[in-house]
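Each chain, letter by letter, is given below.
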Amino acid sequence: MLLNKVSCTFQQGELTAIVGPNGAGKSTLLRVLLGLVRHSGEARLGSETVATMNIKERARRISYLPQGQTHAWPLSVEAVVRLGRYPHGGSTPAAPNASESGDAVIDQALERLDLIGLRDRSILTLSGGEQMRVALARALAVDGEFLLADEPLASLDPRYQFQIMEALAADASHGRGIVVVMHDLALAARYAHHMILLAHGKVLRSGTPSEVLTEDAVVEAFAVKVQTVEVDGQNGACSVALPVGVA
């Protein structure tokens, strides 16, 4: 999907959920923010243009979890997560930086995603949901200023969906900027400080969950019937419209 005059700002210390129907341009927006696709306009990190940044510097400052993670080599879970430290000084991806501080970050990422007991297992022996948790742990191990995740809840059961959102919200509370593409509007409303609703390549609404998930906006974006409910979110209790059926 081509984006059309999209303007948005992401803050450190906040979790921003990007929502919208299939084909709205959500994944494209993440790739634009990372400088991975050609675009007019400019994506900036502080005072720097992302597309012209040194590749390693960009990888240190912004971590990225794309859709459809696959693994071809029988690396251990810990080895996969340790790859997140490569931009911080490893000579090769196979030998990422192994400093004490890096080890602490890796242990923390494994613990947050309930992977300590799996750290020595081959990634190829894990379920799809477990592999997704490992991929997110690797992104957390980068320990950058921002983390961009494209549908990190795919293939996960409810317990781990909540666990991942709790981990991301905790990271935001410690100063990292979190940007997550999501389909579950209820979870987005619960955990996001800020939301962006995309439709037809444009920003339909931007703001707090209650400002974005209005009846009119959700119906326009998704063509569904909605019901307004109270959600206890990051900004306190708020009223949001959630889908309940086909319009």
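Residues numbered from 1 in each chain as written. Predicted model: local features only at pLDDT ≥ 70, side-chain atom pairs only at ≥ 80, totals over all residues. Heavy atoms only, no water.

Visitor: Got a sec to walk through the overall build of the protein chain? Specific residues and values, please.
Guide: Along its length, the protein chain carries 9 helices and 10 strands. In the protein chain, which comprises 247 residues, the share counted as buried stands at 48%. About 11800 Å² of surface is accessible on the protein chain, with carbon and sulfur atoms providing 50% of the total. Both charge centroids of the protein chain, one from 22 positive and one from 26 negative side chains, sit 7 Å from each other. (Helix = DSSP H or I, 4+ residues; strand = E, 2+ residues; numbered from the N terminus. Buried < 20%, exposed > 50% of the residue type's maximum accessible area, 1.4 Å probe, protein only. Areas by Shrake-Rupley, 256 points an atom, 1.4 Å probe, with all protein chains shown as cover. Lys, Arg positive; Asp, Glu negative; His and termini not counted. Charge placed at Lys NZ, Arg CZ, Asp CG, Glu CD.)

Visitor: Got a sec to walk through the packing of aromatic side chains? Specific residues and values, please.
Guide: To describe a pair of aromatic rings, one takes the distance between the centres and the angle between the planes. One pass over the full model with this rule turns up 0 aromatic pairs. The aromatic ring of Y86 is capped on one face by K56, whose charged end is 4.6 Å from the ring centroid. For R133, the ring lying beneath its charged end belongs to Y160, and the centroid distance is 3.8 Å. (Phe/Tyr/Trp six-rings, centres within 6.5 Å; stacked < 30°, edge-to-face > 60°. Lys NZ or Arg CZ within 6 Å of the ring centre and 35° of its normal.)

Visitor: Give me the pattern of salt bridges: which residues, what numbers.
Guide: With the rule as written, the count across this model stands at 12 salt bridges. Residue D171 is joined to R112 by a salt bridge in which the shortest nitrogen-to-oxygen separation is 1.8 Å. A residue pair is termed long-range when its members are at least 10 positions apart, and D171 in helix 6 (residues 158-173) and R112 in helix 4 (residues 100-112) qualify at 59 residues. Across the salt bridge formed by R176 and D171, the nearest N and O atoms sit 2.5 Å from each other. Shared partners join several salt bridges into a network, and the residues in it are E78, R82, D103, D107 and R119. (Salt bridge = Lys/Arg side-chain N within 4 Å of Asp/Glu carboxyl O.)

Visitor: Now, about the sheet that holds strand 5 (residues 146-150): what can you tell me, with residues and values included?
Guide: Spatial strand order, 4-5-6-1-7-8: 6 strands in an open sheet with mixed pairing. Bordering the open sheet on either side are strand 4 (62-65) and strand 8 (202-207), each of which pairs with just one other strand. On average, each strand axis in the sheet is inclined to that of its neighbour by 15°, with strand direction left out of account. Sheet analysis places strand 1 (residues 15-19) next to strand 7 (residues 194-199), joined by 4 bridges and oriented parallel. Along strand 7, the bridge assignment pairs I18 with I196. (Pairing = 2+ DSSP bridges. Axes fitted to C-alpha atoms, helices over the stretch in contact; angles between N-to-C directions.)

Visitor: Which residues make up the pairing of strand 6 (residues 177-181), and what are the values?
Guide: By the criterion of burial, strand 6 is predominantly enclosed, with 5 of the 5 residues buried. What you see with strand 6 is no split at all: G177, V179 and V181 on one side and I178 and V180 on the other are buried throughout. As paired elements, strand 1 and strand 6 share 4 bridges and run parallel to each other. What sits directly across from I18, in strand 6, is V181.

Visitor: An account of helix 1 (residues 26-33) is requested, with residue identities and associated values reported.
Guide: Helix 1 sits mainly inside the fold: 7 of its 8 residues count as buried. Taken as a whole, helix 1 has its buried residues at K26, S27, T28, L29, L30, V32 and L33. Along its buried surface, helix 1 packs onto strand 1, strand 4, strand 5, strand 6 and strand 7. Where helix 1 terminates, the next one or two residues include G35, which has phi positive at roughly 75°. (Contact = heavy atoms within 4.5 Å.)

Visitor: Talk me through the side chain of R58; I want residue IDs and the actual numbers.
Guide: Locating R58 in the fold gives a position in helix 2 (residues 55-61). This buried residue, R58, is left without a salt bridge; E57 holds the nearest opposite charge, at 9.1 Å. A distance of 3.5 Å separates the side chain of R58 from the backbone oxygen of V50, its partner in a polar contact. Setting aside residues no more than four positions away along its own chain, R58 makes contact with L34, G35, V50, A51 and M53. (Polar contact = N/O pair within 3.5 Å; in protein donor to acceptor, adjacent residues only side chain to side chain.)

Visitor: Describe in detail the nonpolar core, supporting the description with residues and values.
Guide: Formed by 58 residues in total, the largest nonpolar core has its most connected members in L15, V81, L168, M182 and L213. It is helix 5 (residues 128-142) that provides the largest number of residues to this core, a total of 8 residues. Leaving out residues up to four positions away in the same chain, L15 has contacts with M165, L168, A169, A172, I178, V180, Y191, A192, H193 and H194. Counting 18 residues, the second-largest nonpolar core is a separate cluster that includes A43, L45, I196 and L198. (Core = buried A, V, L, I, M, F, W, Y, C linked by side-chain atoms within 4.5 Å.)

Visitor: Lay out the packing of helix 5 against helix 6 in plain terms, naming residues and giving numbers.
Guide: Where helix 5 contacts helix 6, the two axes come as close as 12 Å, and the packing angle between them is 5°. Judged by the inter-axis angle, helix 5 sits roughly parallel to helix 6. Residues R133, L136 and L140 of helix 5 pack against Y160, Q163, I164, L168 and D171 of helix 6. A class-by-class count of the residues in the contact of helix 5 with helix 6 yields 5 nonpolar, 1 polar and 2 charged. (Parallel < 35°, antiparallel > 145°, perpendicular 65-115°, else oblique. Nonpolar A, V, L, I, M, F, W, Y, C, P; charged D, E, K, R; others polar.)

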